[in-house]
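Single-letter residue listing:
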Amino acid sequence: MTGEALIEYDEAALAARVARLPGAERTLLAAACAERLMPLYEWIAAASGGAAAASVRSALDLAWSASTSREQAEQAQLEVEELVPDEDDEDAPVDVALVQNTIAAVAYALRTMGSHDAQDVVWAARQLYEAADYIVQREAPNQTYIADLEQEAPIQLVLRGLGSAVEDLESASLTQLRERAQADGDALLALFKAE
Amino acid sequence: MGPVSILTPTTLAVVLIFGRQTLVRGTGHRRFRGVAMVVSLLASVTVLLAVGPSAASASTTPHAVVAAEDGARLASRTDGLTGALDPIAQNSRTSAVMSTRQGTDVLASGGRDLSPAQRALGQGDNVLGRLPGAHAETTAMDAAGKAGLTPWQMAVSLPICPACQAAIEGSGGTVAPGGMFAWWP
């Protein structure tokens, strides 16, 4: 992977690419993954009356900020990980999967701030891909899975987003990187609502 | 009576599963960590004491060994399914692997069902369960039924809940003490 749009989800290639990034850019890439999930999460949280959306938003803002200290990031990471719902919780929203993915992505972005570990960035990207898969699979009949994922619009959107996020790290400003992630997140929400 | 002579298919499988879970659970789940370890240890001893004497005269049969080996294999596959997830997901999702009398395994996860990485582990002669919103155990049982398969044994990554236990027992199955394993006659 060289920064262009991905044609398939290849974690090994992503990990190799991330490993070549400086630590601060790794955090931004993880934050860009989480940002792409935030519109989904905020929409679900609003629909289900969830009160934690603001704290998750604040946690992700910390990941975007260069002035966040390692201690702040670690504290926020611990707090946000506690918000990841169990899929079997009776009071979990219908689309708890997307809530899990979003909060986990934020947590991995914050982890990356402290660890600069490429694997934490890959885990953040994994959340984005899993969320797209979840949106796609909602169309499948029970006891079946849609197999040809790369042809599906949500998957194509996140693959393009991952590729462009890596590219943006090299050529775009922080503001542009974030705005593109937000725009992709809005597009993913639109696909979710349309599916 | 040697230690092997009290082993029925069930006790041998349960001991293997619990012994493995005691090691695995200690590194993972935040809610059941510690509790599961203690429960598993106590359950292993309880099962041996309760079932052992009545089975003392039974020698270890090839069937017992096969069942135990299958139980250990299922536990290993369940670990694999859970291990395919990221560390945070490992704490919030349940995995289940069921063997069937026909020899095909059923793989399942709760709620959101199997992730792409988990499905990649199930390529080949496996049934990949998918029943959105249902628990992993229910998903596996439903998948087996729809595929015309007869459940044999099932290992899970988190203790089986009361509702799933009722469903398993309603289908003629039994949940082992500790709730990490079930089997059907």
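Refer to the preceding data block for the structure.
What counts as what
Residues numbered from 1 in each chain as written. Chains lettered and ligands numbered in written order. Predicted model: local features only at pLDDT ≥ 70, side-chain atom pairs only at ≥ 80, totals over all residues. Buried ≥ 20, exposed ≤ 12 C-beta atoms within 10 Å, placed from the backbone. Helix = DSSP H or I, 4+ residues; strand = E, 2+ residues; numbered from the N terminus. Contact = placed C-beta atoms within 7 Å. Expected span 1.5 Å × (residues − 1).

Peer 1: Help me understand helix α6 (residues 136-146) of chain B, please; the structure alone is not making it clear to me.
Peer 2: Given 3.6 residues per helical turn, the α-helix brings residues three or four places apart onto the same face. Residue and element names in this part refer to chain B. Here α6 lies mainly inside the structure; eight of its eleven residues are buried. Within α6 the residues assigned to the buried category are Ala 136, Glu 137, Thr 138, Thr 139, Ala 140, Met 141, Ala 143 and Ala 144. Structurally, α6 contributes buried residues whose contacts are with β1 (95-100), β2 (105-109), β3 (126-128), β4 (151-156) and α7 (162-170). After α6 finishes, the residue Gly 148 shows a positive phi value of roughly 75°.

Peer 1: Just to check I follow, could you spell out helix α7 (residues 118-137) of chain A for this structure?
Peer 2: Between its first and last C-alpha atoms α7(A) spans 28 Å; for 20 residues at 1.5 Å apiece the expected length is 28 Å, and the two agree. The element α7(A) is largely enclosed, with a buried count of 19 among its 20 residues.

Peer 1: What is the right way to look at the interface of chain B and chain A in this model?
Peer 2: Counting residues at the interface gives 21 residues for chain B, matched by 23 residues for chain A. Elements that contribute at least two residues to the side of chain B that touches chain A include exactly α4 (87-90), α5 (116-121) and α6 of chain B. With three residues, the top contributor of residues to the side of chain B that touches chain A is α6(B).

Peer 1: Could you clarify how one ought to interpret the environment of Gly124(B) in this entry?
Peer 2: Residues and elements named next belong to chain B. By secondary structure assignment, the location of Gly 124 is in the loop between α5 and β3. Given 7 C-beta atoms within a 10 Å radius, Gly 124 is considered exposed. Here the alpha-carbon distance between Gly 124 and Gly 111, two residues 13 residues apart in the chain, equals 23 Å.

These figures capture arrangement, not role.
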